[in-house]
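Now for the letters of each chain:
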Amino acid sequence: MDYGVIVPQGWRMDLVEITDPVEAYEAMTRVAQEAEALGYYSIWLYDHFHTVPTPTQEATFECWTSTAALARDTKRVRIGQIVTCNSYRNPALLAKMASTVDVLSHGRLDFGIGAGWYEHEYRAYGYEYPDAPERLRHLRDAIQVILAMWTQEEATFEGKYYQVRGAINQPKGVQKPHIPLLIGGSGEKVTLKLVAQYADACNVGGDIANIKHKLEVLKNHCETLGRDFNSIRRTAIVDVCAIAETEEKAIAKLTQRERANLAELRKISLIGTPEQIRQRLAEYEEAGIQELIIHFVDAATNLESLRLFAQQCMQNS
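As annotated in an unreviewed UniProt entry, the chain carries the name LLM class F420-dependent oxidoreductase and is attributed to Dictyobacter halimunensis.

Visitor: Residues and numbers for the layout of surface pockets, please.
Guide: Roughly 940 Å³ of volume is contained in the largest pocket. For the largest pocket, the lining is made up of 32 residues, of which Arg12, Val240, Thr255, Glu258 and His295 are closest to its centre. At the level of secondary structure, the elements contributing two or more residues to the lining of the largest pocket comprise strand E10 (233-243) and helix H9 (256-260). Per-element tally for the lining of the largest pocket: the top contributor is E10, with four residues. By residue class, the composition of the lining of the largest pocket is 15 nonpolar, nine polar and eight charged.

Visitor: Can you break down the side chain of serine 269 residue by residue, with the values?
Guide: Note on placement: serine 269 falls in the loop between helix H10 (262-266) and strand E11 (270-272). By relative accessible area, which is 2% here, serine 269 ends up buried. A polar side-chain atom of serine 269 sits 2.8 Å from the main-chain carbonyl oxygen of leucine 265.

Visitor: Please give an account of the pattern of salt bridges that cites residues and values.
Guide: On inspection of all chains with the given rule, the structure shows 16 salt bridges. A salt bridge links arginine 89 to aspartate 47, with the nearest nitrogen and oxygen atoms 2.8 Å apart. Placement of the pair is arginine 89 in the loop between strand E4 (84-85) and helix H3 (91-104) and aspartate 47 in the loop between strand E2 (42-45) and helix H2 (63-73), with a sequence separation of 42 residues. The class of arginine 89 is buried, set by a relative accessible area of 10%. As a salt-bridge pair, lysine 253 and aspartate 298 come within 3.0 Å of each other at their nearest N and O atoms. Here lysine 253, found in the loop between helix H8 (247-252) and H9, pairs with aspartate 298, found in the loop between strand E12 (291-296) and helix H12 (304-314); they are 45 residues apart in sequence, far enough to count as distant. Each member of the salt-bridge network shares a partner with another, and the members are Asp2, Arg233 and Glu291.

The rules behind these values
Each chain carries its own residue numbering, running from 1 in the direction its sequence is written. In keeping with the model being predicted, local features are shown solely for residues with a pLDDT of at least 70 and side-chain atom pairs are shown and tallied solely at 80 or more, while totals for entire chains, interfaces and linings include all residues. No hydrogens and no water enter the side-chain calculation; it runs on all heavy atoms of the structure. Points on a 1 Å grid over protein atoms alone make up a cavity when a 1.4 Å probe fits among them but cannot get out, and a pocket when they form an open set with protein on both sides within 12 Å along at least five of seven lines; lining residues each have an atom within 4 Å of a point. Grid points are joined across faces, edges and corners, and a volume is the space filled by probe spheres set on the points. In this text, helices come from DSSP runs of H or I with a minimum length of four residues, and strands from runs of E with a minimum of two, each type numbered from the N-terminal end. Three classes are used, and their members are as follows: Ala, Val, Leu, Ile, Met, Phe, Trp, Tyr, Cys and Pro are nonpolar, Asp, Glu, Lys and Arg are charged, and the others, Gly among them, are polar. Burial status follows relative accessibility: with a 1.4 Å probe on protein chains alone, a residue under 20% of its type maximum counts as buried, one over 50% as exposed, and anything between as partly exposed. Think of a polar contact as two N or O atoms within 3.5 Å of one another; within protein, one of them needs to be a possible hydrogen donor and the other a possible acceptor, and neighboring residues in sequence only count if both atoms come from side chains. Throughout this description, the term salt bridge denotes a Lys or Arg side-chain nitrogen within 4 Å of a carboxyl oxygen of Asp or Glu.

Right under this line is the structure:
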C-alpha cells in the first residue's frame with residue numbers, strides 16, 4: 001500500500017502556532033520535502049479558503065497556487081488535491097491550470113475533484129449554493145469539460161451548466177492518455193457512478209466497514225457499465241493521525257474535543273503507537289485500499305511524526 005501526506009495549509013488550524021505567513025508557507029514546504037525524502041508516495045492539499053468548521057482569521061493558503069508552488073519545491077513525490085471544489089473555478093480554466101501544473105511538475109499531478117459541500121464558504125465568497133443534486137449535476141458537466149480539454153484538439157461540450165466551443169488547451173500536460181482524474185466522495189447513486197464512468201481513482205472515508213461497502217457499490221457500478229473495477233485506483237483518507245512511541249503521548253496530541261470522543265474517533269483514525277497503527281493499516285489494505293492519504297495532526301511543527309510513521313509503519317507494512 002502507498003501512503004500520502006496531507007500538507008498543512010492552515011484551514012484546520014494546523015499553522016496556528018506560526019504567525020508569520022512566510023514562515024507558515026515554509027512549514028508547508030518542509031512537510032512536503034520531508035515526506036518526499038522519507039519515501040511517501042504523494043502529498044495532498046485540501047481546497048478551502050478559510051478555516052473549517054469555524055471561520056477565523058488564521059492563515060489559510062489557496063489550494064491550486066500552493067499545488068503549483070509545492071510541485072516546484074519537490075522533485076519526485078506526486079501531488080494532488082483532496083479534493084478541488086468544482087464550484088469554485090470554471091472547469092475549462094481548471095483543466096488549463098491542471099495541464100500547466102502537470103508540465104511544471106514533470107508529470108506528477110493527480111487531479112482530484114468533488115461537488116463541494118461547505119455552504120458558509122460558498123456564501124462568504126459570493127458563490128451560489130445549490131442543493132446537493134444540482135451540485136452533482138454541475139460536477140458531471142464539469143468532468144466532461146475537463147476531459148475534453150485534456151483530450152481534444154479543440155474542446156467542444158454543450159452541457160446545461162458548462163459549455164466549451166473550440167477551446168484550445170496547449171500543452172495538455174505530460175501524462176498520457178491524460179492527467180489521472182480522482183473523484184472524491186462516496187454517494188452511492190451518483191458520485192460512485194461518476195467514478196465508474198469517468199475516474200482513474202476514487203477516494204472514500206469512514207470506518208473499515210463503510211469503506212468495504214462503498215467499494216462494493218463502486219464495483220457493482222463498474223459491472224453495470226462494463227468498466228474494469230481494478231482499473232480504478234482505490235484511495236482512502238484518514239483525517240486524524242496521532243502517532244507516538246507511547247499511546248499516552250499519541251492521545252496527548254489530540255484536541256480536547258477529539259479526546260472526549262476518542263472511542264468513536266479511533267474507528268476512522270490512526271491513533272497510538274507504531275504497532276497499534278500497523279494493525280490498523282493492515283485493515284485498510286485488507287479492505288482493498290491501495291493508497292492511504294493521512295493528515296498528521298502535528299506535522300507543521302513536528303516532523304518526527306512523519307519520520308516515525310515512515311520508519312515503523314511504511315517499512316513494515
